[in-house]
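Each chain is listed here by its residues.
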Amino acid sequence: TPETELLLKEAITEFLDISHLLYPSIIEHLGLKTAVGNAVGKVLQNAGISYEVTVSDCEIDGELETLIYRAAQECVNNVVKHSDASEFTLAITTDQDNEHIQLVATDNGSVSFDENDFGFGLSMLRQQAALFEGSLTVGRASGGQNVLTLIASTQR
């Protein structure tokens, strides 16, 4: 029934809200680099999308690690859900002074993304990035790639 469907959608949304706030224990056990690599690999291998993940060694606190991990998950899920991409690249780096961390996700899909395409996940990432004096942008590069960039301060 429509009422049941609405209740189910509300329950799923609430579950996603809660799960986004939890600290993924895989980061604690394996480190951010391995956790991100595993999250990306699981999704994209099953989708048949080739990928490359680069995570620089950096010391950041648990809340910021969670943001970066969730951003990586959101990126790959959106590529699978909204794109016809065959290639995906994810790079997580810190600047020279280790004051900012940057996540850049790029795919070669022919479908252009904008911020309205992603809904809740992207909105949540933007809000969380703001907590770290950061920003989140989505756009199309001159070479035709979709690019999502998240920048956050490691100094709070």
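The preceding data block contains the structure.
Please read all numbers here as calculations on a predicted model, not as lab measurements.

### Some words on the nonpolar core
Now for step 1: Core analysis: the biggest nonpolar cluster contains 37 residues, and Val-36, Ile-68, Phe-88, Leu-90, Leu-103 and Leu-150 have the highest contact counts within it.
Now for step 2: Looking at this core, the elements that each hand over two or more residues are helix H3 (32-47), helix H4 (62-82), strand S2 (87-94), strand S3 (100-107), helix H5 (120-131), strand S4 (135-140) and strand S5 (146-153).
Now for step 3: Ranked by residue count, the leading element in this core is H4, at nine residues.
Now for step 4: Sequence-distant contacts of Leu-90, defined by excluding residues within four places in its chain, comprise Val-36, Val-40, Glu-52, Val-53, Thr-54, Ala-72, Leu-103, Val-104 and Ala-105.

### Re the sheet that holds S5
Now for step 1: One open sheet holds the five strands; their spatial order is S1-S2-S3-S5-S4, and the pairing between them is mixed. Strands at the two margins of the open sheet, each flanked by one partner only, are strand S1 (50-55) and S4. Each neighbouring strand pair of the sheet contributes to a mean axis angle of 10°, computed without reference to strand direction.
Now for step 2: In the sheet, S2 pairs with S3 via seven bridges, with the strands oriented antiparallel. Looking at the pairing, Thr-93 lines up with Gln-102 of S3.

### Things to note about the environment of Ser-153
Now for step 1: Positionally, Ser-153 belongs in strand S5.
Now for step 2: A C-alpha to C-alpha distance of 8.6 Å links Ser-153 and Ala-129, two positions 24 residues apart in sequence.
Now for step 3: Of note is the side chain of Ser-153, whose polar atom sits 3.0 Å from the backbone oxygen of Gln-155.

### A closer look at the side chain of Asn-146
Now for step 1: Note on placement: Asn-146 falls in strand S5.
Now for step 2: In this structure the side chain of Asn-146 is engaged in a polar contact, spanning 3.0 Å, whose partner is the side chain of Arg-140.
Now for step 3: Excluding residues within four positions of it along the chain, Asn-146 makes contact with Ala-105, Thr-106, Asp-107, Gly-109, Val-111, Ser-112, Phe-113, Gly-139 and Arg-140.

How each quantity is defined
Residue positions are given per chain, counting from 1 as you read along its sequence in written order. For this predicted model, a pLDDT threshold of at least 70 governs which residues receive local features, and a threshold of 80 or more governs which side-chain atom pairs are given and counted, while totals over whole chains, interfaces and linings are taken from all residues. Each side-chain value is worked out from all heavy atoms of the structure, with water and hydrogens disregarded. Put simply, buried Ala, Val, Leu, Ile, Met, Phe, Trp, Tyr and Cys residues joined by side-chain atoms within 4.5 Å make one nonpolar core. Relative accessibility under 20% of the residue-type maximum defines a buried residue, over 50% an exposed one, and the middle range a partly exposed one, all with a 1.4 Å probe and only protein chains included. Runs of H or I in DSSP of at least four residues are treated as helices and runs of E of at least two as strands, each being numbered from the N terminus. Note on contacts: a residue pair is in contact if any heavy atoms of the two residues lie within 4.5 Å. Only strands joined by at least two bridges in the DSSP assignment are considered to pair. Note on geometry: axes are C-alpha line fits, over the in-contact stretch for helices, and angles between N-to-C directions span 0 to 180 degrees. In protein, a polar contact requires one atom able to donate a hydrogen and another able to accept it; more generally it is a pair of N or O atoms within 3.5 Å, and residues adjacent in sequence count only if both atoms are side-chain atoms.

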